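# Close look at the chain arrangement
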Amino acid sequence: FYPVYFMINTIALSCLQIIQYIGRIISVAFVIIAVQFSLQLDLIDYQSQPDGEFKFVMNHQDHLTKFVQLRPLRRKTAKEVADNLLPIFLIFGAPAILHTDNGREFDNEIITELCRRWKDAKIVHGKPRHSQSQGSVERANQDIEKMIAVWMADNNNNHWSEGLPFIQFAKNLAYHNGIKMSP
């Protein structure tokens, strides 16, 4: 009886470990799917303080994790925004929802341009001017503008585009009250 019990117990423990392992994989997959599900996109206007040909900062923020990606832009066009979003989407995946406050026509142009280039991308509009979600990216914009000003003063450098990678890094390391952790 003992050898049979031992064999059944060993098999049962192995099955339990496999189930737990699969459960971890599934939970990791859910986290991966949740990240990039809803993105907020906003452009910060630096036309009054251009850096050479750069006049805008694209702020791309994951709604769930608050992780930001910053890119300098020359113009506020759907093509240039799409040019800068596509490499991000090819690393993290395309979002299901893209929130912007730049107008429905502008959103349509960006989505059309992205989907033209990447046939498998499935992006739909978020609610225009959804106060809860857009407020988060607007607050991030204020932080980013302050961080740009501090970086330029600390580095005695007016080329804010050079500071964006460092500002992005610092912003993503900072504690976020909304999620009670850093992105």
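Structural data are supplied above this passage.
Below: a short report on this structure. (Residues numbered from 1 in each chain as written. Predicted model: local features only at pLDDT ≥ 70, side-chain atom pairs only at ≥ 80, totals over all residues. Heavy atoms only, no water.)

A tally of helices and strands in the protein chain yields 5 helices and 5 strands. Each helix and strand of the protein chain, ordered N terminal to C terminal, gives the series α-β-β-β-α-β-α-β-α-α. For the protein chain, with 183 residues in total, the buried portion stands at 37%. The long-range fraction of contacts in the protein chain, counting pairs at least 24 apart against all pairs at least 6 apart in sequence, stands at 60%. Per element, the accessible surface of the protein chain, about 11200 Å² overall, is 62% carbon and sulfur. (Helix = DSSP H or I, 4+ residues; strand = E, 2+ residues; numbered from the N terminus. Buried < 20%, exposed > 50% of the residue type's maximum accessible area, 1.4 Å probe, protein only. Contact = heavy atoms within 4.5 Å. Areas by Shrake-Rupley, 256 points an atom, 1.4 Å probe, with all protein chains shown as cover.)

Throughout the structure, instances matching the rule amount to 2 aromatic pairs. Aromatic pair Y46 and W160: ring centres 4.9 Å apart, planes at 35 degrees, arrangement tilted. With Y46 in the loop between strand 1 (38–45) and strand 2 (56–62) and W160 in helix 5 (residues 160–173), this pair connects stretches of sequence that are 114 residues apart. Judged by relative accessible area, which is 0%, W160 ranks as buried. Ring centres of F67 and F92 lie 6.1 Å apart, and the angle between their planes is 55 degrees; this geometry places the pair in the tilted category. Here F67 is found in the loop between strand 2 and strand 3 (68–73), whereas its partner F92 is found in helix 2 (residues 78–92), with 25 residues between them in sequence. (Phe/Tyr/Trp six-rings, centres within 6.5 Å; stacked < 30°, edge-to-face > 60°.)

Turning our attention to the pattern of salt bridges. Here the structure, examined in full by the defined rule, presents 5 salt bridges. Across the pair R74 and E53 runs a salt bridge whose closest N-O atoms are separated by 2.9 Å. Of this pair, R74 sits in the loop between strand 3 and helix 2 while E53 sits in the loop between strand 1 and strand 2, and the two are 21 residues apart along the sequence. (Salt bridge = Lys/Arg side-chain N within 4 Å of Asp/Glu carboxyl O.)

Moving on to unusual backbone geometry. Of note in this structure, K66 is not a glycine but carries a positive phi near 70 degrees. Located in the positive-phi region is N156, a residue other than glycine, with phi close to 45 degrees. Its place among the elements puts N156 in the loop between helix 4 (131–155) and helix 5. When its relative accessible area of 75% is taken as the criterion, N156 is described as exposed.

Moving on, we get to the environment of Q49. Within the element layout of this structure, Q49 appears in the loop between strand 1 and strand 2. On the basis of relative accessible area, Q49 is assigned to the partly exposed category, the value being 33%. Residues Q49 and H159, 110 residues apart in the sequence, show an inter-C-alpha distance of 9.5 Å. Those residues within four positions of Q49 in sequence are excluded, and the remaining contacts are M152 and W160.

A few words now on the side chain of N172. Position of N172 among the secondary structure elements: in helix 5. Polar side-chain contacts of N172 include one of 2.8 Å to the backbone nitrogen of V68. Ignoring sequence-local partners within four residues, the contact set of N172 consists of K66, F67, V68, S182 and P183. (Polar contact = N/O pair within 3.5 Å; in protein donor to acceptor, adjacent residues only side chain to side chain.)

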